[in-house]
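Chain residues, written in single-letter form:
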Amino acid sequence: MASSSGRSVLATIVGWIIVALIVWFFFGWILGTLRFLLRIIVVLVVIGALASLYFRLRGDD
């Protein structure tokens, strides 16, 4: 019985490690996607602000 109980505990530990790895990769993917989207939004806002400033300065001539 001791061997069966030991294998059961080991199987539980291995199962939790598998779940932890899946969650870690999944949240890494989500955070990476959010960082990418945030970066795109920041770049578009900066380009829009620079274009607006350019056209305002150019329109004064």
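Thresholds applied
Here the residue numbering is sequential within each chain, running from 1 through the sequence in written order. Whole-chain, interface and lining totals are the exception, using all residues; otherwise, since this is a predicted model, local features are given only for residues with pLDDT of at least 70 and side-chain atom pairs are given and counted only at 80 or more. Only hydrogens and water are set aside; all other atoms, that is, all heavy atoms of the structure, feed into the side-chain values. The secondary structure listing takes helices from DSSP runs of H or I that are at least 4 residues long and strands from runs of E that are at least 2 residues long, numbered from the N terminus. Only protein chains enter the accessibility calculation, which uses a 1.4 Å probe. A residue is then buried if its area is under 20% of the maximum for its type, exposed if over 50%, and partly exposed in between. Per-residue and other accessible areas follow the Shrake-Rupley method at a 1.4 Å probe size, with only the shown protein chains counted as cover for residues. Side-chain rings of Phe, Tyr and Trp, where Trp is taken by its six-membered ring, are said to pair if the distance between their centres is within 6.5 Å; with planes under 30 degrees apart they count as stacked, over 60 as edge-to-face, and otherwise as tilted. Patches draw on residues past 30% relative accessible area with no salt bridge. Two like charges within 9 Å are joined, as are two nonpolar side chains (Val, Leu, Ile, Met, Phe, Trp, Tyr) within 5 Å. Note on definitions: salt bridges are taken to be side-chain nitrogens of Lys or Arg within 4 Å of carboxyl oxygens of Asp or Glu.

## Here's the deal with the overall build of the protein chain
Broken down by element type, the protein chain carries one helix and zero strands. Considered along the principal axes of its C-alpha atoms, the protein chain spans approximately 90 × 5 × 5 Å. Buried residues in the protein chain amount to 0% of all 61 residues. For the protein chain, the computed accessible surface area is about 5,800 Å², with 77% contributed by carbon and sulfur atoms.

## A short note on the environment of leucine 37
Among the structural elements, leucine 37 can be located in helix H1 (residues 2–59). Separated by 15 residues in the primary sequence, leucine 37 and isoleucine 22 have C-alpha atoms spaced 23 Å apart.

## Some points on the packing of aromatic side chains
The tally for this structure, following the rule as stated, stands at four aromatic pairs. Between tryptophan 24 and phenylalanine 25, the ring centres sit 5.1 Å apart and the planes meet at 45°, which makes this aromatic pair tilted. The class of tryptophan 24 is exposed, set by a relative accessible area of 58%. A connected cluster of aromatic rings, assembled from ring pairs, spans Phe26, Phe27 and Trp29.

## Digging into a nonpolar patch on the surface
A surface patch of nonpolar side chains, about 640 Å² in accessible area, is lined by Val9, Ile13, Ile17, Leu21, Trp24 and Phe25. Mapped onto the elements, leucine 21 comes out in helix H1.

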